[in-house]
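What the coordinates show
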Amino acid sequence: RGGPVAAAQLCELAVTATAPTDSAALARRELELARRQLEAGDPSGAKDTAIRSLDRLPAGPGRVDTLLMLSGVEQARAALADARTWLAQALPEAGSDRAALARAHVAAGMTAWESVGTERAHAVAAVQALAGHEDEDPTTAATALVLLAGTDFEAGEGLRVDLLDRAVELEHQTDLVAMMRP
């Protein structure tokens, strides 16, 4: 029950133990702290911490996961418009980094549930970004394939078992918890 709070406290200790001159390590540890704060039920603290992490990093693919975290925080706070603002920033910052671009498209697709066309466009973009390079980020590749199969089904195009089969093939390489696996 107190596990998430204890994990956040340990992450906070790691942040304070990090040399103030090591911006990259501070940003990484603050991002992990933000994740733990959100898990512990502190979305405001998670947002503040993630913004500090973001501010330490130069614009570009290295900030995408922090931008996605900020989007997730806003979703947890039921602020969908704000969540989408962070996603809109993540997509161009991903640049040509295939894995970062795919993660940003998957997140954007998962927040576009009121528009199957938009949701599908992001799913297609995520699958295309990692096509032939699924090993760079098998978790995102598998998630993108499942998202695309789901959007095709929602659009009335039938169940794309081929996409689901490809996702299952990647499953052993992912870090997805059991209930999130394809």
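Preceding this paragraph is the structure being described.
The sections below set out a description of the structure shown in this document. (Residues numbered from 1 in each chain as written. Predicted model: local features only at pLDDT ≥ 70, side-chain atom pairs only at ≥ 80, totals over all residues. Heavy atoms only, no water.)

Some remarks on the overall build of the protein chain
If you tally the helices and strands in the protein chain, you get nine helices and zero strands. For the protein chain, the sequential pattern of α-helices and β-strands runs α-α-α-α-α-α-α-α-α. Taken over the C-alpha trace, the protein chain has a radius of gyration of 17 Å; the compact-globule value for 182 residues is 16 Å, and the two agree within 12%. For the protein chain, the spread of C-alpha atoms along the principal axes amounts to about 50 × 35 × 30 Å. Counting every position in the protein chain, which comprises 182 residues, the buried fraction comes to 41%. A total accessible area of about 9400 Å² is found for the protein chain, and carbon and sulfur atoms account for 55% of it. (Helix = DSSP H or I, 4+ residues; strand = E, 2+ residues; numbered from the N terminus. Rg over C-alpha atoms; globule rule 2.2 N^0.38 Å. Buried < 20%, exposed > 50% of the residue type's maximum accessible area, 1.4 Å probe, protein only. Areas by Shrake-Rupley, 256 points an atom, 1.4 Å probe, with all protein chains shown as cover.)

Regarding the pattern of salt bridges
Here the structure, examined in full by the defined rule, presents 16 salt bridges. One salt bridge connects Arg52 with Glu30, and the closest N-O pair in it is separated by 3.7 Å. Here Glu30 lies in helix α2 (residues 23–39) and Arg52 lies in helix α3 (residues 43–56), a separation of 22 residues in the sequence. Owing to a relative accessible area of 41%, Arg52 belongs among the partly exposed residues under this scheme. Here Glu114 makes a salt bridge to Arg84, at a shortest N to O gap of 2.7 Å. You can see Glu114 sitting in the loop between α6 (98–110) and α7 (116–130) and its partner Arg84 sitting in helix α5 (residues 80–94), a full 30 residues away along the chain. You can call Glu114 exposed: its relative accessible area is 52%. Look at Arg84 and you get partly exposed, because its relative accessible area is 29%. Here the salt bridges share partners, and the residues they tie into one network are Glu32, Arg35, Arg36 and Glu39. (Salt bridge = Lys/Arg side-chain N within 4 Å of Asp/Glu carboxyl O.)

Remarks on the environment of Arg84
Separated by 49 residues in the primary sequence, Arg84 and Arg35 have C-alpha atoms spaced 18 Å apart. Once you skip the residues sitting within four places of it in the chain, Arg84 turns out to touch Thr111, Ala112 and Glu114. (Contact = heavy atoms within 4.5 Å.)

What to know about the packing of α2 against helix α4 (residues 64–76)
Contact pair α2 / α4: the axes reach a minimum separation of 11 Å and the direction vectors enclose 15°. With respect to α4, the axis of α2 lies roughly parallel. For the pair α2 and α4, the crossing hand works out as left-handed. Between α2 and α4, the residues in contact are Leu31, Ala34, Arg35 and Leu38 and Asp65, Thr66, Met69, Gly72, Val73 and Ala76, respectively. (Axes fitted to C-alpha atoms, helices over the stretch in contact; angles between N-to-C directions. Parallel < 35°, antiparallel > 145°, perpendicular 65-115°, else oblique. Left-handed = near helix turned anticlockwise from the far one by under 90°.)

Some words on a nonpolar patch on the surface
A contiguous nonpolar surface patch, about 300 Å² in accessible area, is contributed by Phe153, Leu159 and Val161. A relative accessible area of 44% means that Val161 is categorised as partly exposed. (Patch = residues over 30% accessible without salt bridge, like charges linked within 9 Å, V, L, I, M, F, W, Y side chains within 5 Å.)

Regarding the packing of α4 against α5
Put simply, α4 and α5 touch, their axes get as near as 8 Å, and they point 165° apart. Considering their axes alone, α4 and α5 lie roughly antiparallel with respect to each other. Crossing angle aside, the handedness with which α4 passes α5 is left-handed. In contact with Val64, Leu67, Leu68, Leu70, Ser71, Glu74 and Gln75 of α4, α5 contributes Asp82, Ala83, Trp86, Leu87, Gln89, Ala90, Glu93 and Ala94. Split into classes, the residues belonging to the contact of α4 with α5 amount to nine nonpolar, three polar and three charged. (Nonpolar A, V, L, I, M, F, W, Y, C, P; charged D, E, K, R; others polar.)

Focus on the side chain of Glu134
The topology assignment puts Glu134 in the loop between α7 and α8 (138–154). A distance of 3.4 Å separates the side chain of Glu134 from the side chain of Arg166, its partner in a polar contact. Setting aside chain neighbours within four positions, we find Glu134 in contact with Ala141, Arg166 and Leu170. (Polar contact = N/O pair within 3.5 Å; in protein donor to acceptor, adjacent residues only side chain to side chain.)

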